[in-house]
Amino acid sequence: MIKFFLMVNKQGQTRLSRYYEHVEIHKRTMLEAEVIKNCLSRSKDQCSFIEYKDFKLVYRQYAALFVVVGINETENEMAVYELIHNFVEVLDKYFSRVSELDIMFNLDRVHIILDEMVLNGCIVETNRNRILAPLFVLDKVAEN
Amino acid sequence: MHLVKRRKSKEAEIKRINKELANIRSKFKGDKALDGYSKKKYVCKLLFIFLLGHDIDFGHMEAVNLLSSNRYTEKQIGYLFISVLVNSNSELIRLINNAIKNDLASRNPTFMGLALHCIANVGSREMAEAFAGEIPKILVAGDTMDSVKQSAALCLLRLYRTSPDLVPMGDWTSRVVHLLNDQHLGVVTAATSLITTLAQKNPEEFKTSVSLAVSRLSRIVTSASTDLQDYTYYFVPAPWLSVKLLRLLQCYPPPEDPAVRGRLTECLETILNKAQEPPKSKKVQHSNAKNAVLFEAISLIIHHDSEPNLLVRACNQLGQFLQHRETNLRYLALESMCTLASSEFSHEAVKTHIETVINALKTERDVSVRQRAVDLLYAMCDRSNAQQIVAEMLNYLETADYSIREEIVLKVAILAEKYAVDYTWYVDTILNLIRIAGDYVSEEVWYRVIQIVINRDDVQGYAAKTVFEALQAPACHENLVKVGGYILGEFGNLIAGDPRSSPLIQFNLLHSKFHLCSVPTRALLLSTYIKFVNLFPEIKTTIQDVLRSDSQLKNADVELQQRAVEYLRLSTIASTDILATVLEEMPPFPERESSILAKLKKKKGPGTVTDLEEIKKERSSDMNGSAEPASVNASAVSTPSPSADLLGLGAAPLTNSAPPPASSGSLLVDVFSDSASAVAPLAPGSDDNFARFVCKNNGVLFENQLLQIGLKSEFRQNLGRMFIFYGNKTSTQFLNFTPTVICSDDLQSSLNLQTKPVDPTVDGGAQVQQVVNIECVSDFMEAPILNIQFRYGGTFQNLSVKLPITLNKFFQPTEMSSQDFFQRWKQLSNPKQEVQNIFKAKHPMDAEITKAKIIGFGSALLEEVDPNPANFVGAGIIHTKTTQIGCLLRLEPNLQAQMYRLTLRTSKEAVSQRLCELLSEQF
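Definitions and limits used
- Residues numbered from 1 in each chain as written.
- Chains lettered and ligands numbered in written order.
- Predicted model: local features only at pLDDT ≥ 70, side-chain atom pairs only at ≥ 80, totals over all residues.
- Heavy atoms only, no water.
- Helix = DSSP H or I, 4+ residues; strand = E, 2+ residues; numbered from the N terminus.
- Contact = heavy atoms within 4.5 Å.
- Areas by Shrake-Rupley, 256 points an atom, 1.4 Å probe, with all protein chains shown as cover.
- Buried < 20%, exposed > 50% of the residue type's maximum accessible area, 1.4 Å probe, protein only.
- Pairing = 2+ DSSP bridges.
- Axes fitted to C-alpha atoms, helices over the stretch in contact; angles between N-to-C directions.
- Left-handed = near helix turned anticlockwise from the far one by under 90°.
- Nonpolar A, V, L, I, M, F, W, Y, C, P; charged D, E, K, R; others polar.
- Buried area = accessible area lost by both parts, 1.4 Å probe.
- Salt bridge = Lys/Arg side-chain N within 4 Å of Asp/Glu carboxyl O.
- Polar contact = N/O pair within 3.5 Å; in protein donor to acceptor, adjacent residues only side chain to side chain.
- Core = buried A, V, L, I, M, F, W, Y, C linked by side-chain atoms within 4.5 Å.
- Phe/Tyr/Trp six-rings, centres within 6.5 Å; stacked < 30°, edge-to-face > 60°.
- Lys NZ or Arg CZ within 6 Å of the ring centre and 35° of its normal.
- pLDDT = per-residue confidence, 0-100.
- Expected span 1.5 Å × (residues − 1).

Trainee: Let's hear about the overall build of chain B: which residues, and what values?
Mentor: Tallying secondary structure elements over chain B gives 41 helices and 16 strands in all. Counting only contacts in chain B whose residues sit at least 6 apart along the sequence, the fraction spanning at least 24 positions is 69%. When the accessible surface of chain B is summed, it comes to about 38900 Å², and 51% of that surface belongs to carbon and sulfur atoms.

Trainee: Would you mind going over the pairing of strand S2 (residues 14–19) of chain A in detail, with residue names and values included?
Mentor: Residue and element names in this part refer to chain A. Most of S2 is tucked away, with 6 of its 6 residues classed as buried. Where strand S1 (residues 2–9) meets S2, 5 bridges bridge the pair, whose relative direction is antiparallel. When the sheet's bridge partners are listed, Met-7 is paired in S2 with Leu-16. Where S1 hands over to S2, the hairpin turn is made up of 4 residues, of which Gly-12 adopts a positive phi near 85°.

Trainee: Quick rundown of the pairing of strand S4 (residues 55–62) of chain A? Include the residues and the values.
Mentor: Note on strand geometry: in a regular strand, side chains alternate between the two faces of the sheet. Residue and element names in this part refer to chain A. Buried residues dominate S4, accounting for 6 of its 8 residues. Judged from the 4 bridges that link them, strand S3 (residues 49–52) and S4 form a sheet pairing that is antiparallel. Counted as the bridge partner of Tyr-52 is Phe-55 from S4. If you look at the hairpin formed by S3 and S4, you'll find 2 residues sitting between the two strands, and Lys-53 has a positive phi there, around 50°. The turn joining S4 and strand S5 (residues 65–71), which pair antiparallel and follow one another in sequence, is formed by 2 residues; a positive phi near 50° is taken by Ala-63.

Trainee: Hey, could you go over the packing of helix H2 (residues 77–95) of chain A against helix H5 (residues 128–143) of chain A for me, with residue numbers and the actual values?
Mentor: Residues and elements named next belong to chain A. Between H2 and H5, the shortest axis-to-axis distance is 11 Å and the interhelical angle comes to 35°. The handedness of the crossing between H2 and H5 is right-handed. Contacts between H2 and H5 pair Asn-86, Glu-89, Val-90, Lys-93 and Tyr-94 from the former with Arg-128, Asn-129, Ile-131, Leu-132, Leu-135, Phe-136 and Asp-139 from the latter. Across the contact of H2 with H5, the residue classes tally to 6 nonpolar, 2 polar and 4 charged.

Trainee: Help me get a handle on the interface of chain B and chain A, residues and values and all.
Mentor: Counting residues at the interface gives 66 residues for chain B and 59 residues for chain A. Around 5600 Å² of area is buried between chain B and chain A when both sides are counted, 54% of it from carbon and sulfur atoms. Where chain B packs against chain A, one counts 4 salt bridges. One salt bridge connects A:Arg42 with B:Asp366, and the closest N-O pair in it is separated by 2.8 Å. Between the two partners, chain B and chain A, sit 28 residue pairs in polar contact (both at pLDDT 80 or more). Of all the elements, helix H9 (residues 146–162) of chain B adds the most residues to the side of chain B that touches chain A, at 8 residues. Split into classes, the residues belonging to the side of chain B that touches chain A amount to 29 nonpolar, 22 polar and 15 charged.

Trainee: Explain unusual backbone geometry residue by residue, including any values.
Mentor: Residues and elements named next belong to chain A. The residue Ala-63 is not glycine, and still its phi comes out positive at about 50°. Tracing the chain through its elements places Ala-63 in the loop between S4 and S5. Here the phi dihedral of Ser-96 falls at roughly 40°; this positive angle occurs in a residue that is not glycine. For Ser-96, the position within the fold is in the loop between H2 and helix H3 (100–105). Overall, the relative accessible area of 55% leaves Ser-96 in the exposed class.

Trainee: Tell me about the pattern of salt bridges, residues and numbers included.
Mentor: In the structure shown here, the tally under the stated rule is 47 salt bridges over all chains. With a shortest N-O distance of 2.6 Å, A:Asp45 and B:Arg365 are connected by a salt bridge. In this pair, A:Asp45 is assigned in the loop between helix H1 (25–40) and S3 and B:Arg365 in the loop between helix H19 (354–363) and helix H20 (367–380), connecting two distinct chains. With relative accessibility at 64%, the residue B:Arg365 sits in the exposed group. Close ionic contact of B:Lys45 with B:Glu20 constitutes a salt bridge, the shortest N to O distance being 2.8 Å. Linking B:Lys45 in helix H2 (residues 36–51) with B:Glu20 in helix H1 (residues 10–29), this pair joins segments that are 25 residues apart in sequence. With a relative accessible area of 5%, B:Glu20 lands in the buried category.

Trainee: Please give an account of the nonpolar core that cites residues and values.
Mentor: Core analysis: the biggest nonpolar cluster contains 273 residues, and A:Phe87, A:Ile113, B:Ile96 and B:Ile100 have the highest contact counts within it. With 12 residues, the top contributor of residues to this core is H2(A). Among residues more than four places away in sequence, those in contact with B:Ile96 are B:Val64, B:Leu67, B:Ile82, B:Val86, B:Cys118 and B:Met127. Counting 60 residues, the second-largest nonpolar core is a separate cluster that includes B:Ile724, B:Val801, B:Ile805 and B:Leu861.

Trainee: Would you mind going over the side chain of B:Glu74 in detail, with residue names and values included?
Mentor: Considering the arrangement of structural elements, one finds B:Glu74 in helix H4 (residues 72–85). Those residues in contact with B:Glu74, other than ones at most four positions away along the chain, are B:Gly36, B:Tyr37, B:Leu66 and B:Ser69.

Trainee: Mind laying out the sheet that holds strand S6 (residues 734–742) of chain B, listing which residues take part and the relevant values?
Mentor: All names here are of chain B. Strand order across the open sheet formed by 3 strands is S6-S9-S10, with antiparallel pairing between neighbours. Each having just a single partner strand, S6 and strand S10 (795–802) make up the two edges of the open sheet. On average, each strand axis in the sheet is tilted by 15° relative to the strand beside it, whichever way the strands run.

Trainee: For the sheet that holds S5(A), give the residues involved together with the corresponding values.
Mentor: Residues and elements named next belong to chain A. A sheet is described by the order of its strands in space; here 5 strands give the open sequence S2-S1-S5-S4-S3, paired in antiparallel fashion. Of all the strands in the sheet, just S2 and S3 have a single pairing partner and so form its edges. Going from strand to strand, the sheet's axes swing by 20° on average, the running direction of each strand aside. Pairing geometry for S4 and S5, over 7 bridges, is antiparallel. Pairing of Leu-57 across the sheet is with Gly-70, part of S5. Along the sheet, H2 makes contact with S1, S2, S3, S4 and S5, crossing S4 at roughly 35°. Against the sheet, helix H4 (residues 107–117) engages S1 and S2, with an angle of about 40° to S2.

Trainee: Break down the environment of B:Pro867 for me, citing the residues and quoting the values.
Mentor: Mapping B:Pro867 onto the fold places it in the loop between strand S13 (860–862) and strand S14 (872–879). Considered as a pair, B:Pro867 and B:Gln200 are 667 residues apart in the sequence and their alpha carbons are 4.8 Å apart.

Trainee: Describe the packing of aromatic side chains, and please don't skip the residues or the numbers.
Mentor: Residue and element names in this part refer to chain B. All told, the structure shown has 29 aromatic pairs over all chains when counted by the stated rule. Taken together, a centroid distance of 6.1 Å and an interplanar angle of 65° make the contact between Tyr-423 and Tyr-426 edge-to-face. Taken as a pair, Tyr-423 and Tyr-426 lie in helix H23 (residues 423–437) at a separation of 3 residues, close to a single helical turn. Tyr-426 shares its class with Tyr-423; the two are buried. Of note, Lys-75 hangs over the ring of Phe-111, and the distance from its end group to the ring centre comes to 4.5 Å. Here the basic side chain of Lys-696 rests over the ring of Phe-693, its NZ or CZ set 5.5 Å away from the ring centre.

Trainee: An account of the confidence of the model for chain B is requested, with residue identities and associated values reported.
Mentor: Residue and element names in this part refer to chain B. Counting all residues, the mean pLDDT for chain B is 81, and 88% of those residues have values of 70 or more. For chain B, helix H36 (residues 663–671) is the element with the lowest average pLDDT, namely 33, and helix H13 (residues 239–249) is the one with the highest, namely 95. Note that residues 1–7 has pLDDT below 50 and, in this model, 20 contacts with residues that lie over four places away or in other chains. Counted against residues more than four places away or in other chains, residues 606–679, with its pLDDT under 50, gives 140 contacts.

Trainee: I'd love a proper account of the side chain of B:Ser368, names of residues and values included.
Mentor: Tracing the sequence through the fold places B:Ser368 in helix H20. Reaching out from B:Ser368, the side chain makes a polar contact with the side chain of B:Asp366 at a distance of 2.9 Å. Contacts of B:Ser368, omitting those with residues within four sequence positions, involve A:Arg42, A:Cys47, A:Phe49 and B:Tyr331.

Trainee: Which residues make up helix H41 (residues 909–920) of chain B, and what values do they have?
Mentor: Relative to the 16 Å expected for 12 residues at 1.5 Å per residue, H41(B) spans 16 Å between its end C-alpha atoms, a close match to the ideal helical length. Residues of H41(B) that are buried: B:Val911, B:Ser912, B:Arg914, B:Leu915, B:Cys916, B:Leu918, B:Leu919 and B:Ser920.

Trainee: Explain helix H28 (residues 519–535) of chain B residue by residue, including any values.
Mentor: Taking 1.5 Å per residue, 17 residues should reach 24 Å; H28(B) reaches 24 Å between its end C-alpha atoms and fits that length. The buried count for H28(B) comes to 13 of 17 residues, which makes it a mostly enclosed element.

Trainee: Could you give an account of the environment of B:Pro255, with specific residues and numbers?
Mentor: All names here are of chain B. Its place among the elements puts Pro-255 in the loop between H13 and helix H14 (258–276). Through-space distance from the C-alpha of Pro-255 to that of Lys-207 is 9.6 Å; in sequence the pair is 48 residues apart. Apart from residues lying up to four places away in sequence, Pro-255 is in contact with Val-210, Val-260, Arg-261, Leu-264 and His-304.

Right, dumping it as structure tokens:
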């Protein structure tokens, strides 16, 4: 099961956080700070999986932005690793060349995308067109 | 919403946010009703502020209001706010539920989708109560849209996780299984997650999912990459779904139906073949997705552990990855190989990669990869390569990361012990460990080396010589001083013949370290000195001088002072004979589970340590090693009572009762002794003690100021033998000492006990032993009574204790697969055969201790049988002379309520009843 999905920049600012298990707000900030510290201290030739407390972190870096996913032992590390990339590609498609600012200013959209892909800690949809379908509906409504 | 901009400093951020929050609050509280757009704008801002780690204590009502909007955009943001910010015990749930109910009934798939997402993400109990009946219907209804089905599947999964009792299995279950056949892969993806979780809890109900999953998987892996359109990811067909299907199959044993099995084998072979084909794309995404599926397939192969051909192929594939340039692959390969090493089919194949793994240990730049390498070396170790692996681990230890040193130390210590053919090698290894990483050598490790040296007389001389040499180093670790002090105190005489290690040299060597050591070590050294007085009478005066010095006799530390005073006194007044008795060599320790292993298990958690077979092997001996690690303690150091510590009797009871060293004071004790009573009701506390022996065979059964009764027993099938040790704790003789074992009439017919009478006088400080031969004729409920009568200093003593001969002692553990277990479980479904007890936990609920107790109870502990890993399952056969009774047991802990539910099923009602009674007392 996926425990949380984070996007954090190199300065340690959280840009997206989605928890699939309830975590107290002050613990979230602590966890996010520790997680990013862990990721930042690693070099390119280290592996993308970190054992952290009783779960594993899978992370990928895109420019100054880290996407970090916390999983337990029932998930396949490599599959989650590619899920991150799939997610980023969907964002890229929707925002056409996504940037950190896109994510900040369209937080609701990013949430919708993530919720279409991951629900209740499980991967639910991986097809890009279907992930974006509700958003296109939404955009159409907004235009009218 | 675009107002919340980047902020430069933390202070500026907080200031800006507080201003913004105040602004939004006033907007919400203002008289003017906000239009939908502004509400949406402000809710979005709150979301962002929450993301930055600030708690949001308002706005919830506004969000709930948005839910009932008819505009999709407003409704959507309302749901988003709720599912991110509202936790499952919010008071708003009822209002939210109302909105959800309306949306579910709306038949508008977009609204339904939003409502279902919300349930799936919040999933409180109230939600389960409100919707648990509704959602299965939506899920299996023929006219539900695919996207709604997807959400409904995960929604149901959420409700099942939070409140399984509210989601009853019903006729929908079989239809859910058929969703695996759905033509829409998104639905299949969602359904697979749901089915996997349900199947773990209810394997029987979802058995049909196996063949459906296999055929779905087969259609995916054999398809051309273009067939699955949008579900193909960089030329890999539906990688995430494949992974999930392979996970689902890991809930079950290999399929029984040969056709299904053949098809699955074909799939797995295809996946393995694809790994060898040239990649369809140079993109790393392609190979990553392919490898995700490959690793999951290998996990399934390992889980089935039945096809030698596949196992070896998997091993070779992982072997290739071990040298791959991608760190991720090397990491995962090491991890998978670790589980592969425990399979008998592939253990040898794994071993061929030893050089690569050792190389990884030396060259990997990532500590977590190195740690995997250590784990793998540990898993692949056996007698043939133990020396090489231990040597490599020791090498690595010198440069290892601090964070993993302790674990490596434990592993080295375990391997060295487990595979030692030559115990001199073992002693060398442990001393090396202390030399290289003394700070990380925990007490368990050095206690253990002492236990082993004491139990094996072939290595004692070597050990004495080696520690003596090691102690010559100008700076040696305190742990080495402890081991050295202990071993020389016991066996220094074995090397005293050599003039280079004469008694005086040994003593001076140890004493040169004395002042650099901490108090516990000094205390241990003082014990060594008094042992030297016995071993080497020629240096008695030197030692007495040391003990007599002010720094000892007037030491500020009470423990050291007391030892110095008592030891000095003992060496002065006791005759050589008494000294020899008191300071006799330590008797062998009873065999028990290595406390080091227990420690490693504790550190790593269950499942990661592969030595379960070892526990099984040793279960006939004392199991309390893992339950109470402190009691394994072989040394006198940590025993708080100074009068008992001389020989470390706290650890090895009964074997050698000595009088308290300060004999002048001991008479005072008698004043408090139990006054004699004419009848002998059960001694107080006897029931507690009795209960402690249900799961172990050795220990102290009873103790008061006069007498200590210890037990040591062994059982095999329906026979047993118990040694009872009676220790006279006083310095006065016991006269007319008559212990009798009494069986009630009922008990006599089912339990045959034979005892030999003991000598009627027990000298002060002496110990006598009585043997009881036991035969179990048929199952029994009560326990025999041990009555002891004797005269002590003119008073008549009479006391009784329950003798812990219980039905479970005649258990033989039985290993069985999950399938067999549940089959037998079902066979014993007559209500009279089952006894259940729900009770409050009396001890902290520690899984490792519970396991040890179940094993100590006598049944086999079956791992990975119960779909819920928190539960414990056991099986065994009770042997009596007349019959054999098969027993199954299941213990379900509930941590929240601090309760247990224990269920026993045996072929005989009375047996179920008795075993349940006995075991319930243990937790």
